[in-house]
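# Summary of the model geometry
What follows is the residue order along each chain.
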Amino acid sequence: LVQLFSNFVCERVPQLTPGEITTFVVALTTGALPMDEFWLFMLAKRVQDTASAFSAEQIVVIAHRYAERGLEDEEFYDA
């Protein structure tokens, strides 16, 4: 069931809004849920590819969450 849900979400990452992506990143990095590095990687790549669609506040929140969890990625920060 978890794998099915994970596949469902990952297939739809391109359809997520910047607000939805920010919400997922916050939820997956709070510690309340198990951190899923694959989802976070997929979301980071989406942010990287569409950075201009995000507000400055959303980018700051996402970057801070990734840094807090030690998920820095040079390509992500370069974008």
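Before reading on, note that the structure itself is shown above.
Only a predicted model underlies this, so the values are computations on that prediction, with no experimental measurement involved.

### Points about the overall build of the protein chain
- When helices and strands are tallied, the protein chain shows five helices and zero strands.
- The order of α-helices and β-strands along the protein chain, N terminus first, is α-α-α-α-α.
- Across the 79 residues of the protein chain, 29% fall into the buried class.
- In the protein chain, the share of contacts with a sequence separation of at least 24, taken over all contacts with a separation of at least 6, comes to 62%.

### A closer look at helix 2 (residues 18-29)
- Its 12 residues give helix 2 an end-to-end C-alpha distance of 17 Å, which sits within 8% of 16 Å, the value for a rise of 1.5 Å per residue.
- Listed as buried for helix 2 are Ile21, Thr22, Val25, Leu28 and Thr29. Buried residues in helix 2, looked at end-on, bunch into an arc of 140 degrees, giving them a common side.
- Of the surrounding secondary structure, the elements contacted by the buried residues of helix 2 are helix 3 (37-49) and helix 4 (56-68).
- Phi turns positive, to about 95 degrees, at Gly31, one or two residues after helix 2.

### Some remarks on the environment of Ala53
- Along the chain, Ala53 falls in the loop between helix 3 and helix 4.
- Between the C-alpha atoms of Ala53 and Pro18, which are 35 residues apart in sequence, the distance is 6.8 Å.

### Focus: the nonpolar core
- Grouped together as the largest cluster of nonpolar side chains are 16 residues, with contacts concentrated most on Ile21, Val25, Leu40, Leu43, Ile62 and Tyr66.
- Secondary structure elements with two or more residues in this core: helix 1 (2-11), helix 2, helix 3 and helix 4.
- Considering every element that reaches this core, the biggest residue donor is helix 3, with five residues.
- With near-sequence residues (within four places) excluded, Val25 lies in contact with Leu40, Leu43, Ile62, Arg65 and Tyr66.

### A word on the packing of helix 2 against helix 3
- Orientation of helix 2 relative to helix 3, taken along the N-to-C sense of each, is 150 degrees, at an axis distance of 10 Å. By the angle between their axes, helix 2 is roughly antiparallel relative to helix 3. Along this stretch, helix 2 crosses helix 3, giving a crossing that reads as left-handed. In this structure, helix 2 contributes Ile21, Phe24, Val25, Leu28 and Thr29 to the contact, and helix 3 contributes Trp39, Leu40, Leu43, Arg46 and Val47.
- Its residues assigned to classes, the contact of helix 2 with helix 3 shows eight nonpolar, one polar and one charged.

### So, the packing of aromatic side chains
- All chains considered together, the criterion is met by one aromatic pair.
- Relative to Trp39, the ring of Phe24 lies with its centre 5.8 Å away and its plane at 90 degrees, an arrangement referred to as edge-to-face. Of this pair, Phe24 sits in helix 2 while Trp39 sits in helix 3; the two residues are 15 residues apart in sequence, bridging distant segments of the chain.
- A residue is classified by how much of its surface remains accessible, and Trp39, at 9% relative accessible area, is buried.

Thresholds, definitions, all that
Residues numbered from 1 in each chain as written. Predicted model: local features only at pLDDT ≥ 70, side-chain atom pairs only at ≥ 80, totals over all residues. Heavy atoms only, no water. Helix = DSSP H or I, 4+ residues; strand = E, 2+ residues; numbered from the N terminus. Buried < 20%, exposed > 50% of the residue type's maximum accessible area, 1.4 Å probe, protein only. Contact = heavy atoms within 4.5 Å. Expected span 1.5 Å × (residues − 1). Arc of directions from axis to C-beta. Core = buried A, V, L, I, M, F, W, Y, C linked by side-chain atoms within 4.5 Å. Axes fitted to C-alpha atoms, helices over the stretch in contact; angles between N-to-C directions. Parallel < 35°, antiparallel > 145°, perpendicular 65-115°, else oblique. Left-handed = near helix turned anticlockwise from the far one by under 90°. Nonpolar A, V, L, I, M, F, W, Y, C, P; charged D, E, K, R; others polar. Phe/Tyr/Trp six-rings, centres within 6.5 Å; stacked < 30°, edge-to-face > 60°.

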